[in-house]
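The chain contents come next:
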Amino acid sequence: MKNLLLFLSIASFSCLLKAADEVDYNRDVRPILAEKCYPCHGPDKKARKAKLRLDDFAAAVKAGAITPGKPDESELVERIFSDDPDERMPPKKSKTILDDKAKEVLRKWIAAGAQTSRHWAFVPPKRPEVPVTENASWPRNAIDRFILARLEKEKLEPAAEADRYTLVRRLYLDLVGLPPTPEEADAFANDKNPKAYENLVDSLLKSPGYGERWARDWLDLARYADSNGYEKDRGRTIWPWRDWVIKALNNDMPFDQFTIEQLAGDMLPNATPSQVVATGFHRNTMINEEGGIDPLEYRFYSMVDRVATTGTVWMGLTTGCAQCHSHKYDPISHTDYYQLMALLDNADEPDYL
């Protein structure tokens, strides 16, 4: 899992290298189309005008609205840049304004081939190519090259290297969440070994404090608490799951196993006590013990919470809109939402002592 975190860090840094004039469909184009064009040319049959769908790329190309690589032959470009108020899109009566910057984004996108892409949450991350930098001596690792490439693009110089006391403090706070003791700081500052920094990183990654530090973020995602939350707010015995997360991080458990055990550890063949405890991820919902409540009502609230958490944590999606209806612009439908809820609602939840 530690390698996965490093990989995702490199992938994130690669985003810094995108040229300012490079048009990205999900980041730049789709928001414009969704806000300005889909109300009249989107998935809603009742509101659709001129039988034109811009949310369906193949249909838009077939209709001549988009001709990839040829903006001058694309009716979309012709309409948004038109000086004729009767031809210009969006129409004046819609009270929607497409500014010059947005128009240019759409033109550039079509000129570059009008490439589309799925919602980013459904696209597996790819290891980016490490950039070549003019200064070959400064970078010590791949992440350094991404940072330096952006600095060179902006004609900036890297900051001077931090002193050893600053470095050791940063390392301790980042990896274990606590500052070093004066003795630990002095030991690093006086270590003449060329690999002193690497050795300290390895030492902290192997320490129990690493899992304790980084488990905090996961516990927040899982809405961890040692009490029920509502009214009486009685205590709950959920700490074994917390300890499972800490142990999983310290043991560098592969992320796929980390996921499977928390979502369905009890369904694995010959599930171990540890794998059953792992499913505590979805036992962190609030519990209302107030007299006179309808248990099934609060069971429903728990399921809503679990669907939302599953979508956010593992799919990178918000699912709230689909709870009430199939949203025009979301990839999760009303039916998808309740199919997932039904799956989670079928789980048996006995006490495990």
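Residues numbered from 1 in each chain as written. Predicted model: local features only at pLDDT ≥ 70, side-chain atom pairs only at ≥ 80, totals over all residues. Heavy atoms only, no water.

*Asks:* So what about the overall build of the chain? Which residues, and what values?
*Replies:* Across its full length, the chain holds 15 helices and zero strands. Taken against the 2.2 N^0.38 rule, which gives 20 Å for 353 residues, the C-alpha radius of gyration of the chain at 26 Å runs more than 25% over that of a compact globule. A principal-axis box enclosing the C-alpha atoms of the chain has dimensions of 75 × 70 × 40 Å. Here the chain, with 353 residues, has 32% of them falling under the buried criterion. Relative to all contacts within the chain whose residues are 6 or more apart in sequence, the contacts with residues 24 or more apart total 55%. Working note: accessible area of the chain is about 22300 Å², and carbon and sulfur atoms make up 54% of it. Here the chain carries 48 positive and 56 negative side-chain charges, and the mean point of each set is 5 Å from the other. (Helix = DSSP H or I, 4+ residues; strand = E, 2+ residues; numbered from the N terminus. Rg over C-alpha atoms; globule rule 2.2 N^0.38 Å. Buried < 20%, exposed > 50% of the residue type's maximum accessible area, 1.4 Å probe, protein only. Contact = heavy atoms within 4.5 Å. Areas by Shrake-Rupley, 256 points an atom, 1.4 Å probe, with all protein chains shown as cover. Lys, Arg positive; Asp, Glu negative; His and termini not counted. Charge placed at Lys NZ, Arg CZ, Asp CG, Glu CD.)

*Asks:* Just give me the short version of the packing of helix H10 (residues 208–221) against helix H11 (residues 239–250), but keep the residues and values in it.
*Replies:* The angle between the axes and the distance between the axes are what describe a pair of packed helices. Closest axis-to-axis distance for the H10/H11 pair is 8 Å, and the angle between their directions is 120 degrees. In terms of orientation, H10 and H11 fall into the oblique class. Pair H10 / H11 crosses with right-handed handedness. Residue-level inspection shows Pro208, Tyr210, Gly211, Glu212, Trp214, Ala215, Trp218 and Leu219 of H10 in contact with H11, the latter providing Trp241, Arg242, Val245, Ile246, Leu249 and Asn250. Its residues placed into classes, the contact of H10 with H11 shows 10 nonpolar, two polar and two charged. (Axes fitted to C-alpha atoms, helices over the stretch in contact; angles between N-to-C directions. Parallel < 35°, antiparallel > 145°, perpendicular 65-115°, else oblique. Left-handed = near helix turned anticlockwise from the far one by under 90°. Nonpolar A, V, L, I, M, F, W, Y, C, P; charged D, E, K, R; others polar.)

*Asks:* Lay out a nonpolar patch on the surface with the relevant residues and their values.
*Replies:* On the surface, a cluster of nonpolar side chains totalling about 260 Å² of accessible area is made up of Phe300, Tyr301 and Tyr338. Tracing the backbone through its elements, the reader meets Phe300 in helix H14 (residues 295–315). With relative accessibility at 33%, the residue Phe300 sits in the partly exposed group. (Patch = residues over 30% accessible without salt bridge, like charges linked within 9 Å, V, L, I, M, F, W, Y side chains within 5 Å. Salt bridge = Lys/Arg side-chain N within 4 Å of Asp/Glu carboxyl O.)

*Asks:* Summarise the packing of helix H7 (residues 164–175) against helix H9 (residues 196–206); cite the residues concerned and give the values.
*Replies:* At a minimum axis distance of 10 Å, the contact between H7 and H9 shows a crossing angle of 20 degrees. By the angle class used here, H7 and H9 are roughly parallel. For the pair H7 and H9, the sense of crossing is right-handed. Listed contacts from H9 to Arg164, Leu167, Val168, Leu171, Tyr172 and Leu175 of H7 are Ala196, Tyr197, Leu200, Val201, Leu204 and Leu205. Looking at the contact of H7 with H9, its residues break down into 11 nonpolar, no polar and one charged.

*Asks:* How would you sum up the nonpolar core? Please name residues and give values.
*Replies:* Counting 22 residues, the largest nonpolar core has Val29, Leu33, Leu54, Ile66, Leu106 and Trp109 as its most contacted members. Among the secondary structure elements, those contributing two or more residues to this core are helix H2 (25–41), helix H4 (75–80) and helix H5 (100–111). Ranked by residues supplied to this core, first place goes to H2 with seven residues. Setting aside residues no more than four positions away along its own chain, Leu106 makes contact with Val29, Ile32, Leu33, Ile80 and Leu98. (Core = buried A, V, L, I, M, F, W, Y, C linked by side-chain atoms within 4.5 Å.)

*Asks:* Now, about helix H12 (residues 255–264): what can you tell me, with residues and values included?
*Replies:* For the α-helix, the turn length of 3.6 residues means that residues three or four positions removed from each other point alike. Within H12, the full set of buried residues consists of Phe258, Thr259, Glu261 and Gln262. Buried residues belonging to H12 abut H10, H11, helix H13 (273–278) and H14.

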